[in-house]
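Tertiary structure, described
This is what each chain is made of:
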Amino acid sequence: MKNIAVIGAGTMGNGIAHTFAQFNYNVHLIDISEAALQKGVTTITKNLDRMLAKEKISEADKTTTLNNITTFTAIKDSVKNMDLVVEAATENVALKSKIFKELDAICDAKTILATNTSSISITQIAAVTKRPEKVIGMHFMNPVPIMKLVEIIRGYNTTDEVMSEIVALSKKISKIPVEVNDYPGFVANRILMPMINESIETLYNGVAGVTEIDTVMKLGMAHPMGPLQLADFIGLDVCLSILNVMYDGFKNPKYAPCPLLVNMVNAGKLGVKSGEGFYDYTVSRKAETVAKMFV
Ligand SMILES: NC(=O)c1ccc[n+]([C@@H]2O[C@H](COP(=O)([O-])OP(=O)(O)OC[C@H]3O[C@@H](n4cnc5c(N)ncnc54)[C@H](O)[C@@H]3O)[C@@H](O)[C@H]2O)c1
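Below you will find a few notes about this structure. (Residues numbered from 1 in each chain as written. Predicted model: local features only at pLDDT ≥ 70, side-chain atom pairs only at ≥ 80, totals over all residues. Heavy atoms only, no water.)

Overview of the site of the ligand
- Around the ligand, a shell composed of 22 residues is seen, among which Met12, Asp31, Glu91, Lys96 and Ser118 lie nearest.
- Here an oxygen atom of the ligand sits 3.0 Å away from a polar atom, N or O, in the main chain of threonine 11.
- Contacts to the ligand include serine 118, whose side-chain N or O atom sits 2.6 Å from an oxygen atom.
- Of all the secondary structure elements, the ones that give two or more residues to the shell around the ligand are α1 (11–22), α4 (93–106) and β6 (135–140).
- Broken down by element, the residue count for the shell around the ligand peaks at three residues, all from α4.
- Grouping the constituent residues of the shell around the ligand by class yields ten nonpolar, nine polar and three charged. (Near = heavy atom within 4 Å. Polar contact = N/O pair within 3.5 Å; in protein donor to acceptor, adjacent residues only side chain to side chain. Helix = DSSP H or I, 4+ residues; strand = E, 2+ residues; numbered from the N terminus. Nonpolar A, V, L, I, M, F, W, Y, C, P; charged D, E, K, R; others polar.)

Focus on the pattern of salt bridges
- Under the counting rule described, the total for this entry stands at nine salt bridges.
- Of the charged contacts, one joins aspartate 237 and lysine 273 as a salt bridge, the two residues approaching to 3.1 Å between their closest N and O atoms. Placement of aspartate 237 in helix α10 (residues 236–250) and of lysine 273 in the loop between α11 (259–266) and α12 (286–293) is noted, with a sequence separation of 36 residues between them.
- A relative accessible area of 48% means that lysine 273 is categorised as partly exposed.
- Linking glutamate 276 and lysine 269 is a salt bridge whose minimum nitrogen-to-oxygen distance equals 3.6 Å.
- Through salt bridges with shared partners, a single network forms among Glu87, Glu91 and Lys96. (Salt bridge = Lys/Arg side-chain N within 4 Å of Asp/Glu carboxyl O. Buried < 20%, exposed > 50% of the residue type's maximum accessible area, 1.4 Å probe, protein only.)

Concerning the packing of aromatic side chains
- Inspection of every chain in the model, using the stated rule, returns three aromatic pairs.
- Between phenylalanine 20 and tyrosine 25 the ring centres are 5.7 Å apart and the planes differ by 80°, which places this aromatic pair in the edge-to-face class.
- What makes tyrosine 25 buried here is its relative accessible area of 7%.
- Look at phenylalanine 20 and phenylalanine 140: their rings are 6.2 Å apart centre to centre, the planes differ by 80°, and that puts the pair in the edge-to-face class. Here phenylalanine 20 is found in helix α1, whereas its partner phenylalanine 140 is found in strand β6, with 120 residues between them in sequence. Here phenylalanine 20 and phenylalanine 140 have matching classes, each one buried.
- An aromatic cluster of three or more residues is present, and its members are Phe20, Tyr25 and Phe140. (Phe/Tyr/Trp six-rings, centres within 6.5 Å; stacked < 30°, edge-to-face > 60°.)

What to know about the environment of threonine 158
- With respect to the element layout, threonine 158 can be found in the loop between β7 (149–154) and α6 (160–172).
- Sequence-wise, threonine 158 and valine 135 are 23 residues apart; in three dimensions their C-alpha atoms are separated by 6.1 Å.
- Dropping the residues within four chain positions of it, threonine 158 is found in contact with Pro132, Glu133, Val135, Ile136 and Met163.
- A polar side-chain atom of threonine 158 sits 2.8 Å from the main-chain carbonyl oxygen of valine 135.
- Within polar-contact distance, the side chain of threonine 158 engages the backbone nitrogen of glycine 155 at 2.7 Å. (Contact = heavy atoms within 4.5 Å.)

Structure follows, in structure tokens:
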């Protein structure tokens, strides 16, 4: 494998592109939004600068990594001759189905199509293509350049060959792949999201405040950050969407999203990316946020 396309330059897409480029893969980064591409490259540059300051990479590594990335605003001309496409666009079944149909029509027959979806069925996404045996889940964790885990999800038709290629590739970029089967939420979010949802219920029921809930989980369970802060980092819209996929998939009320989460998403309070979620991330109240986060 040498040529890798990444669809979506948001939180996950820019991290995935950064990681492959740092390991010297030729990366095509594609987003429908030019602004998202620019923001993605700025984020990659900032993250490389941080690594440089910590002497984890050299100036030459930074230059090579950035030179390995080319940006595009359309799938059409950018996914030919690719060995792998990793889709990291917005978490939405209809959108992902549309993207996979287009990829299947344009990509070479050899190209493996991976999705970074947090919860949507790999089998369902694969079904819109004529190559379901070459479709796989490659679930990176945020922030991608730092987090070691990649959950590798086998769709109903994914072949052993494709599984082994993706496992080997994950090891080459210094990640630790874990193989799982294709059920809603896979492993990571099936366990994480009910905890986040329950912490929102705890807040909603007035049992304790935001800081208190996060402090209990940080100090009591040795979690590096509290569940409400983690939800802000993931994005409250992403959390809601994952819970809905599990609720629909299992038809079990234990996955029903808390009404407070639904209300916050409807109000545009999406966490870090919108400037406010359970905490305030706007510049004017930065000191207050920091104080809250490190209690
Ligand atoms: N945020 C997390 O912590 C996290 C962790 C693991 C997996 N994921 C998954 O990764 C995927 C991306 O999530 P994110 O948090 O990076 O979202 P995001 O909202 O930060 O970025 C999504 C990007 O996709 C782009 N996009 C939308 N439609 C497109 C199209 N047709 N073609 C190309 N680009 C398109 C948008 O312009 C946006 O820049 C989702 O499936 C999500 O579930 C997210």
